[in-house]
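# Working through the structure, step by step
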Amino acid sequence: MPLSEHEQRMLEQMERALYAEDPKFATALEGTGLRTYTRRRVYQAVAGFLVGIALLMTGMVAKQIWMGVVGFLVMLGCAVLAVTGWRKAPKPGEQQPSGEATADRRQPRQRRSFMNRIEQRWQRRRDEQGQ
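Reading the values: rules and limits
- Residues numbered from 1 in each chain as written.
- Predicted model: local features only at pLDDT ≥ 70, side-chain atom pairs only at ≥ 80, totals over all residues.
- Heavy atoms only, no water.
- Salt bridge = Lys/Arg side-chain N within 4 Å of Asp/Glu carboxyl O.
- Helix = DSSP H or I, 4+ residues; strand = E, 2+ residues; numbered from the N terminus.
- Buried < 20%, exposed > 50% of the residue type's maximum accessible area, 1.4 Å probe, protein only.
- UniProt positions renumbered as here; feature names shortened; annotations may be inferred.
- Patch = residues over 30% accessible without salt bridge, like charges linked within 9 Å, V, L, I, M, F, W, Y side chains within 5 Å.
- Areas by Shrake-Rupley, 256 points an atom, 1.4 Å probe, with all protein chains shown as cover.
- Lys, Arg positive; Asp, Glu negative; His and termini not counted.
- Charge placed at Lys NZ, Arg CZ, Asp CG, Glu CD.
- pLDDT = per-residue confidence, 0-100.
- Contact = heavy atoms within 4.5 Å.

Applying the stated criterion across every chain yields a total of one salt bridge. For Glu5, the salt bridge identified is with Arg9, shortest N-O distance 4.0 Å. In this pair, Glu5 and Arg9 both sit in helix 1 (residues 5-21), four residues apart, roughly one turn of the helix. Judged by its relative accessible area of 58%, Glu5 falls in the exposed class. Owing to a relative accessible area of 45%, Arg9 belongs among the partly exposed residues under this scheme.

Printed below as a string of structure tokens:
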């Protein structure tokens, strides 16, 4: 459910007040978010991928098929995590979607505009019936 215009204005005023009172704290809060989380997740997936390669090679050298298979599965899982994490990461100057963390950031905007149009129609109908 999107915020009303009044709630959005109040939130913006609170953000401005926070920046005015303690800009260092506000900047520190800005850095912790979806971008930092996804970057960390991608780094972990890359490290896991390297561990999978090591397991695969160890399995081949030791002639342990099960170890090679486990190494391959670890590599595959980490590759999927890295690719999905990379796609979900917002661009450096891009605003994070508030309230919803989705892979496609266009969806919430379209839904909001659709919901805004529905709300405006509803308000017009109420105003017309009230007069």
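Don't stop here, the text continues.
This part covers the UniProt feature "transmembrane region" (unreviewed entry) in the protein. Annotation from UniProt places "transmembrane region" (unreviewed entry) at residues 42-59 and 65-86. Taken end to end, residues 42-59 is 100% helix and 0% strand, and its first and last C-alpha atoms sit 25 Å apart.

Structurally, Ala47 is set in helix 3 (residues 34-61). Counting along the chain gives 31 residues from Ala47 to Cys78, while the straight-line C-alpha distance between them is 8.4 Å.

Before going further, it helps to spend a moment on a positive patch on the surface. On the surface, a cluster of positive charge is made up of Arg117, Arg121, Arg124 and Arg125. Note on placement: Arg124 falls in helix 5 (residues 106-130).

Confidence in the prediction for the protein averages 77 pLDDT; 72% of positions are at 70 or higher. Under a pLDDT of 50 for its full length, residues 98-106 has, in the predicted model, 11 contacts with residues more than four places off or in other chains.

On to a nonpolar patch on the surface, then. Side chains of Ile65, Val69, Phe72, Leu73, Leu76 and Val80 sit close together on the surface and give an oily, nonpolar patch of about 590 Å² of accessible area. Structurally, Phe72 can be placed in helix 4 (residues 65-88). Its relative accessible area of 45% is what places Phe72 among the partly exposed residues.

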